[in-house]
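Structural features, examined
Here is how the chains run, residue by residue.
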Amino acid sequence: MAIALLSAAERADALKTLPDWTLAPDGKAIARRFVFRDFNAAFGWMARVALTAEKLDHHPDWRNVYKTVEVTLSTHEAGGVTARDIALAEAMDAFAA
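Residues numbered from 1 in each chain as written. Predicted model: local features only at pLDDT ≥ 70, side-chain atom pairs only at ≥ 80, totals over all residues. Heavy atoms only, no water.

What to know about helix H3 (residues 83-96)
Compared with an ideal rise of 1.5 Å per residue, which puts 14 residues at 20 Å, H3 spans 20 Å between its outermost C-alpha atoms and is within 8% of the ideal. Of all the positions in H3, only Asp85, Ile86, Leu88, Ala89, Ala91, Met92 and Asp93 are classed as buried. Of the surrounding elements, those touching the buried residues of H3 are helix H1 (8-16), strand E2 (30-35), helix H2 (39-56), strand E3 (61-65) and strand E4 (68-73). (Helix = DSSP H or I, 4+ residues; strand = E, 2+ residues; numbered from the N terminus. Expected span 1.5 Å × (residues − 1). Buried < 20%, exposed > 50% of the residue type's maximum accessible area, 1.4 Å probe, protein only. Contact = heavy atoms within 4.5 Å.)

Here it is in C-alpha coordinates:
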(Lines give C-alpha, C1' and ligand atoms only; values in the text may rest on other atoms or scores of the structure.)
Protein backbone atom coordinates (compact mmCIF):
# COMPACT_ATOMS: atom_id res chain seq x y z
CA MET A 1 0.00 0.00 0.00
CA ALA A 2 1.32 3.44 -0.92
CA ILE A 3 1.99 5.96 1.80
CA ALA A 4 0.22 9.28 1.17
CA LEU A 5 2.17 12.51 1.12
CA LEU A 6 0.77 15.35 3.15
CA SER A 7 -0.49 18.29 1.10
CA ALA A 8 1.07 21.71 1.62
CA ALA A 9 -1.91 22.69 3.78
CA GLU A 10 -1.65 19.50 5.86
CA ARG A 11 2.10 20.08 6.38
CA ALA A 12 1.45 23.67 7.46
CA ASP A 13 -1.26 22.58 9.90
CA ALA A 14 0.97 19.87 11.36
CA LEU A 15 3.87 22.28 11.82
CA LYS A 16 1.61 24.59 13.83
CA THR A 17 1.60 21.85 16.47
CA LEU A 18 5.37 21.32 16.10
CA PRO A 19 6.72 24.88 16.51
CA ASP A 20 10.38 23.86 16.87
CA TRP A 21 10.37 21.97 13.56
CA THR A 22 11.07 23.58 10.19
CA LEU A 23 10.06 22.56 6.72
CA ALA A 24 12.87 22.02 4.22
CA PRO A 25 12.88 24.54 1.37
CA ASP A 26 11.76 21.84 -1.06
CA GLY A 27 8.91 20.77 1.28
CA LYS A 28 10.12 17.17 1.34
CA ALA A 29 11.34 16.96 4.94
CA ILE A 30 11.01 18.46 8.39
CA ALA A 31 13.97 19.13 10.66
CA ARG A 32 14.84 20.05 14.21
CA ARG A 33 17.91 20.42 16.40
CA PHE A 34 17.66 19.06 19.95
CA VAL A 35 20.17 20.19 22.58
CA PHE A 36 20.46 18.26 25.85
CA ARG A 37 22.41 18.87 29.05
CA ASP A 38 25.13 16.39 28.09
CA PHE A 39 26.00 13.41 25.89
CA ASN A 40 24.36 10.91 28.23
CA ALA A 41 21.02 12.73 28.07
CA ALA A 42 21.23 13.00 24.26
CA PHE A 43 22.08 9.34 23.86
CA GLY A 44 19.34 8.24 26.28
CA TRP A 45 16.82 10.28 24.27
CA MET A 46 18.05 8.68 21.05
CA ALA A 47 17.61 5.22 22.56
CA ARG A 48 13.99 5.97 23.55
CA VAL A 49 13.30 7.42 20.11
CA ALA A 50 14.86 4.38 18.42
CA LEU A 51 12.42 2.05 20.17
CA THR A 52 9.47 4.20 19.10
CA ALA A 53 10.79 4.53 15.56
CA GLU A 54 11.01 0.76 15.30
CA LYS A 55 7.39 0.41 16.45
CA LEU A 56 6.31 3.01 13.88
CA ASP A 57 8.46 1.32 11.19
CA HIS A 58 9.88 4.76 10.45
CA HIS A 59 13.45 5.76 11.12
CA PRO A 60 15.01 9.21 11.36
CA ASP A 61 18.01 10.62 9.59
CA TRP A 62 19.96 12.02 12.50
CA ARG A 63 23.37 13.17 13.59
CA ASN A 64 24.66 13.30 17.16
CA VAL A 65 27.60 15.41 18.31
CA TYR A 66 28.07 15.45 22.07
CA LYS A 67 24.85 16.94 23.49
CA THR A 68 23.26 17.95 20.18
CA VAL A 69 21.10 15.79 17.91
CA GLU A 70 20.09 17.09 14.48
CA VAL A 71 17.09 15.29 13.01
CA THR A 72 15.60 15.24 9.51
CA LEU A 73 12.38 13.34 8.89
CA SER A 74 11.09 12.33 5.48
CA THR A 75 9.31 9.23 4.27
CA HIS A 76 11.72 8.17 1.54
CA GLU A 77 9.43 5.66 -0.16
CA ALA A 78 6.76 8.37 -0.49
CA GLY A 79 9.19 11.10 -1.53
CA GLY A 80 8.32 13.59 1.20
CA VAL A 81 6.51 14.32 4.44
CA THR A 82 3.78 11.91 5.55
CA ALA A 83 1.81 11.24 8.72
CA ARG A 84 4.65 8.92 9.79
CA ASP A 85 7.01 11.88 9.99
CA ILE A 86 4.56 13.92 12.03
CA ALA A 87 3.95 11.03 14.45
CA LEU A 88 7.67 10.50 14.99
CA ALA A 89 8.28 14.25 15.43
CA GLU A 90 5.53 14.37 18.07
CA ALA A 91 7.11 11.42 19.91
CA MET A 92 10.55 13.04 19.75
CA ASP A 93 9.19 16.27 21.21
CA ALA A 94 7.42 14.37 23.99
CA PHE A 95 10.59 12.48 24.94
CA ALA A 96 12.59 15.72 24.97
CA ALA A 97 10.13 17.54 27.27
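Here the narrative resumes.
Structural notes on the nonpolar core
Among the nonpolar cores identified, the biggest contains 22 residues, and Trp21, Ile30, Trp45, Val71, Leu73 and Met92 are the most heavily contacted of them. Going through the elements one at a time, H1, E2, H2, E4 and H3 are the ones with two or more residues in this core. With 6 residues, the top contributor of residues to this core is H2. Setting aside its immediate chain neighbours within four residues, Trp45 contacts Phe34, Phe36, Trp62, Val69, Val71, Met92, Phe95 and Ala96. (Core = buried A, V, L, I, M, F, W, Y, C linked by side-chain atoms within 4.5 Å.)

What to know about unusual backbone geometry
Positioned with a positive phi, Asp57 is a non-glycine residue whose angle comes to about 55°. Tracing the backbone shows Asp57 in the loop between H2 and E3.

Structural notes on the environment of Asp61
Structurally, the position occupied by Asp61 is in strand E3. For Asp61, a relative accessible area of 38% translates into the label partly exposed. As a C-alpha pair, Asp61 and Leu73 span 12 residues in sequence and 6.3 Å in three-dimensional space. Discounting chain neighbours no more than four positions away, the residues touching Asp61 are Glu70, Val71, Thr72 and His76. One polar contact links Asp61 to His76, side chain to side chain, over a distance of 3.3 Å. (Polar contact = N/O pair within 3.5 Å; in protein donor to acceptor, adjacent residues only side chain to side chain.)

Some words on a nonpolar patch on the surface
Taken together, the side chains of Phe39, Phe43, Val65 and Tyr66 make up a nonpolar region of the molecular surface, amounting to roughly 420 Å² of accessible area. Among the secondary structure elements, Phe43 is positioned in helix H2. Assessed through its relative accessible area of 49%, Phe43 is described here as partly exposed. (Patch = residues over 30% accessible without salt bridge, like charges linked within 9 Å, V, L, I, M, F, W, Y side chains within 5 Å. Areas by Shrake-Rupley, 256 points an atom, 1.4 Å probe, with all protein chains shown as cover. Salt bridge = Lys/Arg side-chain N within 4 Å of Asp/Glu carboxyl O.)

None of the figures reported here should be taken as evidence of function without further support.
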